[in-house]
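Listed here are the chains, written in short residue letters.
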Amino acid sequence: MKKVITYGTFDLLHWGHIELLRRAKEMGDYLIVALSTDSFNRIKHKEAYHSYLHRKLILEAIRYVDEVIPEENWDQKIADIKTHDVDVFVMGDDWKGEFDFLKPYCEVVYLPRTDGISTTQIKEDLR
Ligand code: C2G
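Owing to the predicted nature of the structure, the values given are computational and were not obtained by experimental measurement.

Caption draft 1: Just the overall build of the protein chain, in detail. On a plain count of helices and strands, the protein chain comes out with 5 helices and 5 strands. In sequence order, the protein chain lays out its α and β elements as β-α-β-α-α-β-α-β-β-α. For the protein chain, with 127 residues in total, the buried portion stands at 50%. Excluding contacts between residues fewer than 6 apart, the proportion of contacts in the protein chain whose partners are at least 24 apart in sequence is 64%. Counting every atom, the protein chain has about 7200 Å² of accessible surface; 51% of that belongs to carbon and sulfur. Seen as two clouds, the 18 positive and the 23 negative side-chain charges of the protein chain have centres 1 Å apart.

Shown next as structure tokens:
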């Protein structure tokens, strides 16, 4: 079984996130999402609207997602890859190059971000 992992806050969930998850799942048979916890979001200086538990509930309802684990810090990725026997690490290309240090442990893929949608845009439009 080919296992894929991706990381993020996924809040407010939108179709750009879904497109990332769909393409990530296409790269294997099993997709793990390491979901940023509320405390890690504070470290990332990201303000999530939904709590970790609610974001986890939402992600677990998505057909492409097989498992959700907590992302609690910047330094857990190598351990996650080993613990979960991950074959492919996937992120949007806004992170291009940032995670190349994972290449000795698994395939590293940066997928083009989906243009025309972002949580920032949604919040601005709603204002
Ligand atoms: N994304 C995308 N297209 C968008 C918006 C987001 O492809 N229009 C992708 C991002 O590139 C990322 C994923 O969706 O791969 C999740 O986005 P965020 O929740 O914003 O992720 P981020 O806060 O950057 O967390 O350790 C890594 C970090 O936790 C990444």
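Additional details are given in the paragraphs that follow.
Caption draft 2: Spotlight on the nonpolar core. Core analysis: the largest hydrophobic core is formed by 18 residues, its most contacted members being Leu21, Leu31, Val33, Leu59, Val65 and Val90. For this core, the secondary-structure elements that each account for two or more residues are α1 (15-26), β2 (30-36), α3 (52-60), β4 (88-92) and β5 (107-111). Discounting chain neighbours no more than four positions away, the residues touching Leu31 are Val4, Ile5, Thr6, Leu21, Ala24, Lys25, Tyr64, Val65, Asp66 and Glu67. Of all hydrophobic cores here, the second largest spans 15 residues; its members include Tyr30, Ile69, Phe99 and Cys106.

Caption draft 3: Quick peek at the UniProt feature "domain: Cytidyltransferase-like" (unreviewed entry) in the protein chain. In the numbering used here, UniProt assigns the feature "domain: Cytidyltransferase-like" (unreviewed entry) to residues 5-124. Helix makes up 33% of residues 5-124 and strand 22%, whereas the separation of the span's terminal C-alpha atoms amounts to 30 Å.

Caption draft 4: Region of interest: the environment of Arg113. With respect to the helices and strands, Arg113 occurs in the loop between β5 and α5 (119-126). Classification of Arg113 by relative accessible area gives partly exposed; the value is 44%. Arg113 sits 94 residues away from Glu19 along the chain, and the two C-alpha atoms are 8.7 Å apart. Residues contacting Arg113, with those up to four places away along its chain left out, are Asp93 and Asp94.

Caption draft 5: A look at the sheet that holds β4. The strand order β3-β2-β1-β4-β5 describes an open sheet built from 5 strands, whose pairing is parallel. Looking at strand neighbours, the two that pair on one side only are β3 (67-71) and β5, the edges of this open sheet. Neighbour to neighbour, the strand axes of the sheet diverge by 25° on average, direction disregarded. Bridge count for β4 against β5 is 5 bridges, and the pairing is parallel. Across the sheet, residue Met91 finds its bridge partner in β5, namely Tyr110.

Caption draft 6: Highlighting α1. Under the 1.5 Å per step criterion, the end-to-end length of α1 is 16 Å for 12 residues, consistent within 8% with the ideal 16 Å. Those residues of α1 that sit buried are Gly16, His17, Leu20, Leu21, Arg23, Ala24 and Lys25. In the core, the buried residues of α1 are packed alongside β1 (3-8), β2, α3, β4, β5 and α5.

Caption draft 7: Seen up close, the side chain of His84. By the element assignment, His84 lies in the loop between α4 (77-83) and β4. Every residue in contact with His84, bar those within four places of it in the chain, is listed here: Lys3, Ile32, Glu67 and Ile69.

Caption draft 8: The site of the ligand, seen in detail. The local shell around the ligand holds 21 residues, among which Phe10, Lys46, Glu71, Lys77 and Asp94 are the closest. Asp94 places a polar side-chain atom, nitrogen or oxygen, 2.6 Å from an oxygen atom of the ligand. A distance of 2.8 Å separates a nitrogen atom of the ligand from a polar backbone atom of Thr114. Within the complex, 96% of the 640 Å² of free accessible area of the ligand lies under protein.

What counts, and where the lines are drawn
Residues numbered from 1 in each chain as written. Predicted model: local features only at pLDDT ≥ 70, side-chain atom pairs only at ≥ 80, totals over all residues. Heavy atoms only, no water. Helix = DSSP H or I, 4+ residues; strand = E, 2+ residues; numbered from the N terminus. Buried < 20%, exposed > 50% of the residue type's maximum accessible area, 1.4 Å probe, protein only. Contact = heavy atoms within 4.5 Å. Areas by Shrake-Rupley, 256 points an atom, 1.4 Å probe, with all protein chains shown as cover. Lys, Arg positive; Asp, Glu negative; His and termini not counted. Charge placed at Lys NZ, Arg CZ, Asp CG, Glu CD. Core = buried A, V, L, I, M, F, W, Y, C linked by side-chain atoms within 4.5 Å. UniProt positions renumbered as here; feature names shortened; annotations may be inferred. Pairing = 2+ DSSP bridges. Axes fitted to C-alpha atoms, helices over the stretch in contact; angles between N-to-C directions. Expected span 1.5 Å × (residues − 1). Near = heavy atom within 4 Å. Polar contact = N/O pair within 3.5 Å; in protein donor to acceptor, adjacent residues only side chain to side chain.

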